[in-house]
Amino acid sequence: MRCARPFAPLALLTLQDCAGVQSAFDPSGAEAERINVLSWLLILSSVAVLVAVCLITAGALFGSERWRARISGERLVIGGGLVLPILVLSILLSYGFYLMGPGSPAGRADGRLRVEVVGERWWWRVTYVDESGRRVESANEIRLPVGRPVGVELTSADVIHSFWVPRLAGKLDMIPGRTNSLTLQATKAGISRGQCAEYCGGAHAFMSFYVIAMPEDQFAAWLEQEAGDAQIPTGADETAGQTLFLSSGCIACHSVRGTEARGTIGPDLTHVGSRHSLAAATLENDVSAFARWIRDGEHVKPENLMPPYDIFTEAELAQLSSYLDQLR
Amino acid sequence: MELPNPDPRPEGEVRELERIWATPRGWRLVTAVNNTIIGLLYLGVAFLFFLMAGVLALIMRTQLAVGDNRLIGQDLYNQMFTVHGTTMMFLFAVPAMEALGVMLLPQMLAARDLPFPRLSAFAIWAYVVGGLVFFSTIFYDLAPKGGWFMYPPLTLTEYSPGDNADFWLLGIGFIEISAIAGAIEIVVGALRTRPPGMSLSKMPIFAWTMLIFASMIMFAFPAVILATMMLEMERAFGWPFFTAALGGDPLLWQHLFWFFGHPEVYIIFLPAAGLVSMIVPTMARTPLVGYRLIVVALIGIGFFSFGLWVHHMFTTGIPALSLAFFSAASMTVAIPSGIQVFAWIATIAAGREGLRMTTASLFVLGFLFIFTLGGLTGVMVAMVPFDYQVHDTYFVVAHFHYVLIGGFVFPLFATFYYWAPLFSRRPLSERLGRWVFWLMFIGFNLAFLPMHLTGLRGMPRRVWTYPGELGWDLLNAVSTAGSFVLGAGVLLFLIDLAANFRIGKGGVENPWGAGTLEWLPNDVYSTRSIPYVTSREPLWDRPSLPQEVQEGHHYLPNAPTGGRETIVTSPIHARPQYVIQMPGPGWPPFLAAIFTAACFLLLTVKLVTIATICGVIAVVFCLVWAWGLDPGPSKGVIQVAKGVRLPTYMSGPTSHSWWAMVVLMFVAGSLYIAYIFSYLFLWVVSPEVWAPAGSPSPPSSRWPLSAGALLLAGSGIVWLVSQKLEKVAASRVLVAAVLLLSLACLVASLALEVEGHLTTGLRPGDNAYGAMVYLGVVLFGQLVLALVVMGPFTIARHVAGKLDAVRRVTFDNYMLLYHYTVAQSLLGLGLIHGFPRLIG
């Protein structure tokens, strides 16, 4: 991972390597890059002011008679408390207005692709809407074409959540009854992590997701794949797993397109095996994770709203997991 | 200057004062009302909450020390951070400041006590009982877990079943009320019980900050009181204020909560800044540089702080124009804060002999550093795009702990070390104090400085655990270590306290050589005589003052009425006006507080019948307590100084009672303005549910016109009685008849209003419009209820011969609240019946 380019030497300040899939210091989106410049500007000017105040205080405490006499009047109060802040704040404010105002350089979504994200306790319902109006249902992961500004529409199905991918942009709340719009523009391919930033009760700490930015052509191919129906299982275990899935009540909440599973309460599982993570970025995605989640979900992610399923034998659990895992 | 009482005083006056002001002993101690006793209790309990909420913080820091940690469970953690935040803000910070106001303000003003001693006692006991019960919910899994900000819809019954959230709502609602009682006390105390000669421009900065603090409570707290009422009504009865599907809006809560919540920060910080403005000049041995600039800055902060609340909501998706406005407004607060910081630095520089490096000075310097840093990160988060990244992350956690611990806890510890000699026979240890300071300072910075980075590296707030691979482990481990160092500092302070703090008099008088009145020789009765003040630092400018005061050469050197009393002066120039006779120790305020607390807490667990009984008992004790007030003019005119004779009774606009009632009306007015805001806000959000299109039209205009006519008639009756009280009071029957008639007007008007809306078929649970209409009725009704209690009380006073044309304070209070009720309700009728017609 690379550091914030403009001020790389200052990376020292951030202790370790300044990277992280969820770090605002390592932007990979247009908005986050702009904010990163602003952040460093603010950090540097704040440090400068703090050092100045400390020096003046040291002067007042330990300075020579002459020094102290010079800063002991109301002149210092007016200069330091009135003139200085007005100057500094005016400059900062103008820059801030420039960043967010009507003439802001923030990209406008081009309308070719829209992503609707609904915050649910404690996962993300994701729907891609392309130019033709085709809706592609998915969950807990967002894929974006690199370079294209994509409009993201945010709302909530229950309580207030907040949508935040620090490497791409600032956060925006998801409020029931309202729809907020955000533009995401990934500047390079790669994985970023996002997390709910508004306390939403219970398993708030486990409400995360990954954003995968891909080159335009790969993205187009992926979206076609994602729009399609689920793969039909071929192996014996997988087929048995599908039978279990369809007969054990899973379909009351989950959809797997191309089968009779059309539940809408929980996440769409049509291509769940191809996702980067399970349970809203709580578990890495592999066969054993499916088994663990189904059997032990309440320990993995306390208070999550999927009822515990301890009715399966080990063998059945393995079959079910391999079915889900092959939904790619 | 000629002394007010130049002649030698007769023997025995001091003994008389000691007898009158004696502190009740043994178990009767709970009946004490004197400000130094109950103030100490207040501060002690507030500090206990600081310790307990601090322990919660240490447990949470342990949980967060490393990633993927599962030491304490999710549910308990969620309860803990809610209780930690709520306790620190509502049970520690604001009460601790009010406690300091109660303890120090009368001393600084050389008043014998605050003007309403029993009200203070009531507020404090209610807080002690209510607060302890609220905090204890963490021990039996009943604590609220919606965060200290309790955002709906998360806190609605659908998502927070159980009583946990109700404990927050009722517990806090009731602590808010005790804060308001304290605020009334402080406003009237600062404006009316200053010593003769102490004009506003000579008032100590701390008194200025307390005055602004209390005024801000008057205007800020009603917003959150209304919000908590609405949330509880939605939880208990399903009135949909915050449910989007029925026309409510979760953002309404956020607006009301932050309209309170932001000033709250300054409510906490301002008095702390006032304390610093007292300590710095003493330690630098020079008057404060820029006194006038500071006063202007303080008032400026008070005003500005009400215009910034939206900066807590930058990420809710509000329009760019309001973002820009609130961003700019937020930054302007840097100016008055900067003025204060540089005024303190200039004062330090102005001291000829340099700043004395006492423990108090160290805490002040630590405060300067931490608060400046917190202020700078405050400017950073006021920049909207930056806030988009750091809002609700550990950066913000770091920021507000810098502002609150730096801006409040450090000055508080400076206060402990500086003012302890006033209340303790022994000062706190300067040697231990240094260790306390360095442990706290280093621990604090170690704990909170890294959090800025933790937040920028992506860690959100209020998560009970986090994945180990995101690069947050080391930073969190450092924070946890720092928090324990900070905790060790506080523990060492407790040891110092245990070793050295001994309540009582007899320590060194004025050990720091300070210039303000609290350092005059004093005892339970405060100072022997109340000094005539001619400057801002009277003890520096008149070295003989302590002796003069002690020998009784200033005002009121004795107790001429034979009871507790202090001088009331004019609000601006502090000219003596009258002597107020104050109540002494008594059971009613204590018992009223206990039963008020019981009523609220029993309501929380839905034991409505017992709660109602407790509520009634509480009201009865309040009435018993009020019965002993309004002493009347029987003590005549007394001499307080040579050639100065003052009345011992006052009614009308000069009396402290009138002032308190007016302050209460401001509080009620703020509550009603918050209601009007909410009504219009929900209409803007959901015009589709509003009458006449989306709900039944309001009843025909006959209903509100009759209701309004009844109100005006009632007001007219009360006005007439007031004008002719001399004649009316001659007849027992007449007073009772007209007061009951005025009450009948009110009740009939309320009944018409309720019945009118019921006939249209509108119900409060229908939608946000219905909820708003009936909330208006509730606000009308609660004032009517208050008057229904006060009316018969007034009649009873008259029947008992305790009310006449002169002794009329009880009637005046009834009259003032009556007129206020009529004014508010007429406005309400206009809004509720007029607005739908306007838009229809």
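Only a predicted model underlies this, so the values are computations on that prediction, with no experimental measurement involved.

Reading guide: rules and limits
Residues numbered from 1 in each chain as written. Chains lettered and ligands numbered in written order. Predicted model: local features only at pLDDT ≥ 70, side-chain atom pairs only at ≥ 80, totals over all residues. Helix = DSSP H or I, 4+ residues; strand = E, 2+ residues; numbered from the N terminus. Rg over C-alpha atoms; globule rule 2.2 N^0.38 Å. Buried ≥ 20, exposed ≤ 12 C-beta atoms within 10 Å, placed from the backbone. Contact = placed C-beta atoms within 7 Å. Core = buried A, V, L, I, M, F, W, Y, C linked by C-beta atoms within 7 Å. Nonpolar A, V, L, I, M, F, W, Y, C, P; charged D, E, K, R; others polar. Pairing = 2+ DSSP bridges. Expected span 1.5 Å × (residues − 1). Arc of directions from axis to C-beta. Domains from an automatic or database assignment. pLDDT = per-residue confidence, 0-100. Axes fitted to C-alpha atoms, helices over the stretch in contact; angles between N-to-C directions. Parallel < 35°, antiparallel > 145°, perpendicular 65-115°, else oblique. Left-handed = near helix turned anticlockwise from the far one by under 90°.

### As for the overall build of chain A
- A tally of regular secondary structure across chain A gives 7 helices and 12 strands.
- Its C-alpha atoms give chain A a radius of gyration of 25 Å, clearly above 20 Å, the size a compact globule of 328 residues would have.
- Classification of the 328 residues of chain A by burial places 47% in the buried group.
- Restricting the contact set of chain A to residue pairs at least 6 apart, pairs at least 24 apart contribute 62%.

### A few points about the overall build of chain B
- Broken down by element type, chain B carries 25 helices and 4 strands.
- Expected size for 840 residues packed as a compact globule is a radius of gyration near 28 Å; at 27 Å, chain B falls within 12% of this value.
- With the C-alpha coordinates aligned to their principal axes, the bounding extent of chain B is approximately 85 × 75 × 50 Å.
- Residue burial in chain B is summarised as follows: out of 840 residues, 60% are buried.

### Quick word on the nonpolar core
- Membership of the largest hydrophobic core comes to 380 residues, with the highest contact counts inside it found for I217, L256, I345 and A414 of chain B.
- In contact with A414 of chain B, other than residues within four places in its own chain, are L275, I279, A360, F363, V364 and F367 of chain B.

### Things to note about the interface of chain B and chain A
- Tallying the contact residues gives 67 residues for chain B and 69 residues for chain A.
- Top element by residues in the side of chain B that touches chain A is helix α10 (residues 334-350) of chain B. It accounts for 12 residues.
- Taken together, the residues of the side of chain B that touches chain A break down into 46 nonpolar, 17 polar and 4 charged.

### Side note on the pairing of strand β3 (residues 637-641) of chain B
Residue and element names in this part refer to chain B.
- Sheet analysis places β3 next to strand β4 (residues 644-647), joined by 4 bridges and oriented antiparallel. Paired with I638 across the two strands is L646, which belongs to β4.
- Count of turn residues in the β3/β4 antiparallel hairpin: 2 residues, of which G643 carries a positive phi of about 75°.

### Here's the deal with helix α9 (residues 320-332) of chain B
Residues and elements named next belong to chain B.
- End to end, α9 covers 19 Å across 13 residues, agreeing with the expected 18 Å (1.5 Å per residue, within 8%).
- Within α9, burial applies to L323, F326, S327, S330 and M331. One side of α9 carries all its buried residues, which in axial view fall inside an arc of 135°. Turned more than 90 degrees away from the buried face of α9, the exposed residues are L321 and S322.

### Let's talk about the domain arrangement of chain A
- Each assigned domain of chain A is listed here: domain 1 (5-100), domain 2 (113-227) and domain 3 (236-325).
- Once you take the C-alpha centre of each, domain 1 of chain A and domain 3 of chain A turn out to be 50 Å apart.

### As for the domain arrangement of chain B
All names here are of chain B.
- What the domain assignment reports for chain B is domain 1 (39-500) and domain 2 (666-839).
- Measuring from the centre of the C-alpha atoms in domain 1 to the corresponding centre in domain 2 gives 37 Å.
- Listed per partner, the contact involves 20 residues of domain 1 and 20 residues of domain 2.
- Within the residue set of the side of domain 1 that touches domain 2, elements represented by two or more residues are α6 (205-237) and α7 (250-284).
- Considering only residue class, the side of domain 1 that touches domain 2 consists of 15 nonpolar, 4 polar and 1 charged.

### Side note on the confidence of the model for chain B
- For chain B, per-residue confidence averages 94 on the pLDDT scale, and 100% of positions sit at 70 or higher.
- Confidence estimates for the predicted assembly give a pTM of 0.95 and an ipTM of 0.94.

### Here we look at the pairing of strand β3 (residues 135-139) of chain A
Residue and element names in this part refer to chain A.
- Here strand β2 (residues 123-130) pairs with β3 via 5 bridges, running antiparallel. Residue pairing in the sheet places V126 in a bridge with S138 of β3.
- Here β2 hands over to β3 after 4 residues, with G133 in that stretch at a positive phi of 90°.

### Side note on the environment of G302 of chain B
- Structurally, the position occupied by G302 of chain B is in helix α8 (residues 291-304).
- The spacing of G302 of chain B and M216 of chain B is 86 residues in sequence and 6.7 Å in space, taken between C-alpha atoms.

### Focus: the sheet that holds strand β10 (residues 208-214) of chain A
Residue and element names in this part refer to chain A.
- The strand order across the open sheet formed by 3 strands is β4-β10-β9, and the pairing between neighbours is mixed. On the outer flanks of this sheet lie β4 (141-145) and β9 (190-195), each paired with one strand and no other. The sheet shows a mean angle of 25° between the axes of neighbouring strands, direction not considered.
- Examined bridge by bridge, β4 and β10 share 5 bridges and lie parallel to one another. Across the sheet, I142 pairs through a bridge with V211, a residue of β10.
- Strand contacts of helix α4 (residues 216-227): β4 and β10, with the helix running at about 135° to β4, the strand carrying the most contacts.

### With respect to the packing of helix α6 (residues 287-300) of chain A against helix α7 (residues 314-325) of chain A
Residue and element names in this part refer to chain A.
- Packing of α6 against α7 leaves a shortest axis separation of 8 Å and a crossing angle of 120°. The angle between α6 and α7 places the two elements in the oblique class. Both α6 and α7 take part in a crossing whose hand is right-handed. Between α6 and α7, the residues in contact are V287, F290, A291, I294 and R295 and L317, A318, L320, S321, S322, L324 and D325, respectively.
- Broken down by class, the residue content of the contact of α6 with α7 amounts to 8 nonpolar, 2 polar and 2 charged.

### Some details on the environment of G101 of chain B
Residues and elements named next belong to chain B.
- The topology assignment puts G101 in helix α3 (residues 74-108).
- As a C-alpha pair, G101 and I177 span 76 residues in sequence and 17 Å in three-dimensional space.
- Beyond its immediate stretch of four places on either side in the chain, G101 contacts I186, M210 and P271.

### Structural notes on α8 of chain B
- Under the 1.5 Å per step criterion, the end-to-end length of α8 of chain B is 20 Å for 14 residues, consistent within 8% with the ideal 20 Å.
- Buried within α8 of chain B we find Y291, L293, I294, A297, L298, I301 and G302 of chain B.

### Notes on the sheet that holds strand β1 (residues 113-120) of chain A
Residue and element names in this part refer to chain A.
- With mixed pairing, 5 strands are arranged side by side in an open sheet as β3-β2-β1-β5-β8. Only two strands of the sheet have a single neighbouring strand rather than two, namely β3 and β8 (180-184). With direction set aside, neighbouring strand axes in the sheet form an average angle of 25°.

### As for the packing of helix α11 (residues 359-382) of chain B against helix α13 (residues 394-423) of chain B
All names here are of chain B.
- Where α11 meets α13, the closest approach of the two axes is 8 Å, and the angle between their N-to-C directions is 160°. Here α11 is positioned roughly antiparallel relative to α13, judged by the angle of their axes. For α11 against α13, the interelement crossing comes out left-handed.
- Taken together, the residues that form the contact of α11 with α13 break down as 19 nonpolar, 8 polar and no charged.

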